[in-house]
Amino acid sequence: MFRRLHADSTATVTISVDGAPVAVRHGETVAATLLLAGQAAGRTTPVTGAARGPYCMMGVCFDCLVVIDGVGNRQACMIEAVEGMRVERQSGARRIDRVS
């Protein structure tokens, strides 16, 4: 369904997606990584639990929110995958911690 437009880079990094290692090309976003791995749904909605995934791929719609390295509400389409990154699907609303 999804394919790369250019196959310029052969350098890869390994990230963890829900505990499973995934090798991706250097420079790919987390959202592109999820789509290429066939895991389009990165979160569920707080009200109905409907699956949501990357839509606009440019940071406007917020449908691609995931948990990255323990921090929720991260836009997967705006973040480059880096070696050792831990990505988890986000279920419903994330708690917002107050920084004092």
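Keep in mind the model is a prediction, meaning the values are calculated, not measured.

Asker: I tried to follow the environment of R89 on my own but got confused; where do I start?
Answerer: Along the chain, R89 turns up in the loop between β7 (86–88) and β8 (90–91). On the basis of relative accessibility, which here comes to 38%, the residue R89 falls in the partly exposed class. In terms of polar contacts, R89 uses its side chain to reach the backbone carbonyl oxygen of A41, at 2.4 Å.

Asker: What is the right way to look at the pattern of salt bridges in this model?
Answerer: Pairs may arise between side chains of opposite charge once their charged atoms sit close together. Under the definition given, this model contains 4 salt bridges. A salt bridge links R43 to D63, with the shortest nitrogen-to-oxygen separation between them at 3.2 Å. Taken together, the residues R43 in strand β3 (residues 43–44) and D63 in the loop between β4 (51–52) and β5 (65–68) connect sequence positions 20 residues apart. A residue is classified by how much of its surface remains accessible, and D63, at 12% relative accessible area, is buried. Linking D69 and R86 is a salt bridge whose minimum nitrogen-to-oxygen distance equals 3.9 Å. Here R86 lies in strand β7 and D69 lies in the loop between β5 and β6 (71–75), a separation of 17 residues in the sequence. Through salt bridges with shared partners, one network takes in R43, R52 and D63.

Asker: I'm lost on the pairing of strand β2 (residues 20–25) in this one. Help?
Answerer: Looking along a regular strand, one sees side chains alternate from face to face of the sheet. Direction of pairing for strand β1 (residues 12–17) relative to β2: antiparallel, over a ladder of 6 bridges. The residue bridging V13 from the neighbouring strand is V24, located in β2. Hairpin connection between β1 and β2: a loop of 2 residues separates the two successive antiparallel strands, and D18 in this loop has a positive phi of roughly 50°.

Asker: When you look at the sheet that holds β6 in this model, what are you seeing that I'm missing?
Answerer: Within the open sheet, the 5 strands sit side by side as β2-β1-β7-β5-β6. Their pairing is mixed. Only two strands of the sheet have a single partner each, and these edge strands are β2 and β6. Across the sheet, the mean angle from the axis of one strand to that of its neighbour is 40°, orientation sign disregarded. For β1 and β7, the ladder comprises 2 bridges, and the chain directions are parallel. What sits directly across from V17, in β7, is V87.

Asker: What is the right way to read the sheet that holds β4 from this model?
Answerer: Consider a sheet: its strands pair through backbone hydrogen bonds, and that pairing is either parallel or antiparallel. Read from one edge of the open sheet, 3 strands run β4-β3-β8, paired in mixed fashion. Here the strands that pair on one side only, and so sit at the sheet edges, are β4 and β8. Strand direction decides the pairing type here: β3 and β8, joined by 2 bridges, are parallel. Counted as the bridge partner of R43 is Q90 from β8.

Parameters and conventions
Residues numbered from 1 in each chain as written. Predicted model: local features only at pLDDT ≥ 70, side-chain atom pairs only at ≥ 80, totals over all residues. Heavy atoms only, no water. Helix = DSSP H or I, 4+ residues; strand = E, 2+ residues; numbered from the N terminus. Buried < 20%, exposed > 50% of the residue type's maximum accessible area, 1.4 Å probe, protein only. Polar contact = N/O pair within 3.5 Å; in protein donor to acceptor, adjacent residues only side chain to side chain. Salt bridge = Lys/Arg side-chain N within 4 Å of Asp/Glu carboxyl O. Pairing = 2+ DSSP bridges. Axes fitted to C-alpha atoms, helices over the stretch in contact; angles between N-to-C directions.

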